Amino acid sequence: MSEEALRLQIQNLKKHNARLKRIAHDARTKLNAALDGTGLFLWQLDIPSGKLVIFNRRWGAMLGFQPKETDANFESWKESLHPDDAADVLQAFNDHIAGKAPYYEALHRMIAKNGSITWVLDRGRVSEWNAHGEPVKVIGTHIDMTKEKQYEEQLALLALHDPLTLLNNRHALQNYFGEMKAQGPLCVVFIDLDNFKHVNDTLGHRSGDEVLIQLSQRFTELSPAEVIIGRLGGDEFVLLIPWALNHPRVKTLAHACLDAVMAPFDMANGHALIGASVGVSQAQDKDDFDTALQRADEAMYRIKKNGKRGVAFDSTFPDSLC
């Protein structure tokens with residue numbers, strides 16, 4: 001081959017190599033753009049060296065690191081694992097490497113540079129073995145699941161809590177009732193607000209909501225930690241008190257709740273004054289939540305019929321208070 005022919009061949013090879021580099025760069029750019037929009041990251045681990053290759057750079061940014069600020073290796077990844085999750089994550093990874101599991105998968109937390117928590121879903125599979133059949137490379141995906149976990153926590157919160165006041169809802173109260181009744185004496189306090197409709201009619205529903213929020217805070221502040229507070233909806237509240245009906249603290253707390261309702265509420269557009277009718281019953285052996293609540297409601301209704309703004313105790317229970 002002549003020198004001129006060799007020179008032309010080298011030029012052609014350089015052009016072809018440059019074209020392949022452009023294609024590879026374009027493909028990686030498109031891949032990164034697609035992955036960055038989904039929160040999905042591709043990674044590859046070289047097991048012998050511990051070198052970790054992240055194919056899209058936002059993985060480090062997700063944890064608050066600048067490019068090249070943290071080493072891309074297995075040890076740095078391990079250091080970012082949340083200490084409460086690390087053992088389970090590493091066990092799942094090692095089980096796959098040892099051939100005990102067909103793939104690696106773990107939903108876990110990672111700690112960012114500023115200490116914040118990121119939830120991730122890791123999946124991976126051995127992609128290459130050496131001549132002795134030992135795994136040498138693992139390739140996988142890493143998905144940011146933080147928003148999904150936050151949404152899941154919000155759903156769990158709403159499932160057991162009133163969305164306005166964040167107090168326990170009926171379902172949560174039923175659960176607590178069963179648990180507390182099994183542990184000893186239990187009283188149910190039913191609080192029905194008086195003249196609350198007047199607040200909505202004169203100050204508006206937004207102010208009405210604010211009254212309910214402030215009232216829930218008042219109940220929380222005056223109640224001991226062992227007392228469970230809930231809202232059934234509308235203007236009805238319930239307290240579960242782990243004491244017998246003749247315990248002096250039951251009467252004291254019931255009247256304290258009444259006083260909390262009757263104290264004025266300061267709104268941005270005026271002042272709200274309301275009252276309450278309060279009924280108290282003690283759970284009996286065969287009672288479920290609804291049965292005990294019904295007796296408290298009947299006691300409360302005696303107050304409604306006699307001018308409102310008072311506390312009544314279930315007269316059907318032995319040794320009940322007046």
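As the structure is a computational prediction, the values presented were derived from the model and not from experiment.

Visitor: I would appreciate a short explanation of the overall build of the protein in the present structure.
Guide: Helix and strand counts for the protein come out as 10 helices and 12 strands. In the protein, which comprises 322 residues, the proportion classed as buried is 39%. About 18,600 Å² of surface is accessible on the protein, with carbon and sulfur atoms providing 53% of the total.

Visitor: What is the right way to look at the confidence of the model for the protein in this model?
Guide: Parts of the model with low pLDDT should not have their predicted coordinates read in detail. Taken as a whole, the protein shows an average pLDDT of 84; of its residues, 83% reach a score of 70 or greater. Taken element by element, the protein is modelled with least confidence in helix α2 (residues 58-62), mean pLDDT 56, and with most confidence in strand β8 (residues 236-241), mean pLDDT 97.

Visitor: Is there a simple way to explain the sheet that holds strand β5 (residues 135-144) in this structure?
Guide: Adjacent strands of a sheet pair through backbone hydrogen bonds, lying either parallel or antiparallel. One open sheet holds the five strands; their spatial order is β2-β1-β5-β4-β3, and the pairing between them is antiparallel. Each edge of the open sheet carries a strand with a single partner, namely β2 (51-54) and β3 (104-111). Taken pair by pair, the neighbouring strands of this sheet meet at an average axis angle of 25°, ignoring direction. Bridge count for strand β1 (residues 40-46) against β2 is four bridges, and the pairing is antiparallel. Counterpart to Gln-44 in the pairing with β2 is Val-53. Across the sheet, helix α5 (residues 146-160) touches β3, β4 (117-129) and β5, and the angle it forms with β4 is around 130°.

Visitor: I'm lost on the packing of helix α7 (residues 196-203) against helix α8 (residues 205-222) in this one. Help?
Guide: Two packed helices can be described by the angle between their axes and the distance between those axes. At a closest axis distance of 6 Å, the pairing of α7 and α8 adopts a crossing angle of 140°. Considering their axes alone, α7 and α8 lie oblique with respect to each other. Residues Phe-196, Val-199, Asn-200 and Leu-203 of α7 form the contact with α8, whose participating residues are His-205, Ser-207, Gly-208, Val-211 and Leu-212. Broken down by class, the residue content of the contact of α7 with α8 amounts to five nonpolar, four polar and no charged.

Visitor: Looking at this structure, how should I read the packing of aromatic side chains?
Guide: The geometry of an aromatic ring pair is captured by two quantities: the separation of the ring centres and the angle between the planes. Scanning all chains against the criterion turns up six aromatic pairs. Aromatic side chains Trp-77 and Phe-93 sit 6.4 Å apart centroid to centroid with 55° between the ring planes, which places their arrangement in the tilted category. With Trp-77 in helix α3 (residues 74-80) and Phe-93 in helix α4 (residues 86-97), this residue pair connects regions lying 16 residues apart in the sequence. Of the two residues examined, Trp-77 and Phe-93, each falls in the buried class. Between the aromatic rings of Phe-177 and Phe-289, the centroid separation amounts to 5.9 Å while the plane-to-plane angle is 70°, which identifies the pairing as edge-to-face. Of this pair, Phe-177 sits in helix α6 (residues 170-183) while Phe-289 sits in helix α10 (residues 289-305), placing them 112 residues apart in sequence. Phe-289 matches Phe-177 in its accessibility class, with the two residues each being buried.

Cut-off values and rules
Residues numbered from 1 in each chain as written. Predicted model: local features only at pLDDT ≥ 70, side-chain atom pairs only at ≥ 80, totals over all residues. Heavy atoms only, no water. Helix = DSSP H or I, 4+ residues; strand = E, 2+ residues; numbered from the N terminus. Buried < 20%, exposed > 50% of the residue type's maximum accessible area, 1.4 Å probe, protein only. Areas by Shrake-Rupley, 256 points an atom, 1.4 Å probe, with all protein chains shown as cover. pLDDT = per-residue confidence, 0-100. Pairing = 2+ DSSP bridges. Axes fitted to C-alpha atoms, helices over the stretch in contact; angles between N-to-C directions. Contact = heavy atoms within 4.5 Å. Parallel < 35°, antiparallel > 145°, perpendicular 65-115°, else oblique. Nonpolar A, V, L, I, M, F, W, Y, C, P; charged D, E, K, R; others polar. Phe/Tyr/Trp six-rings, centres within 6.5 Å; stacked < 30°, edge-to-face > 60°.

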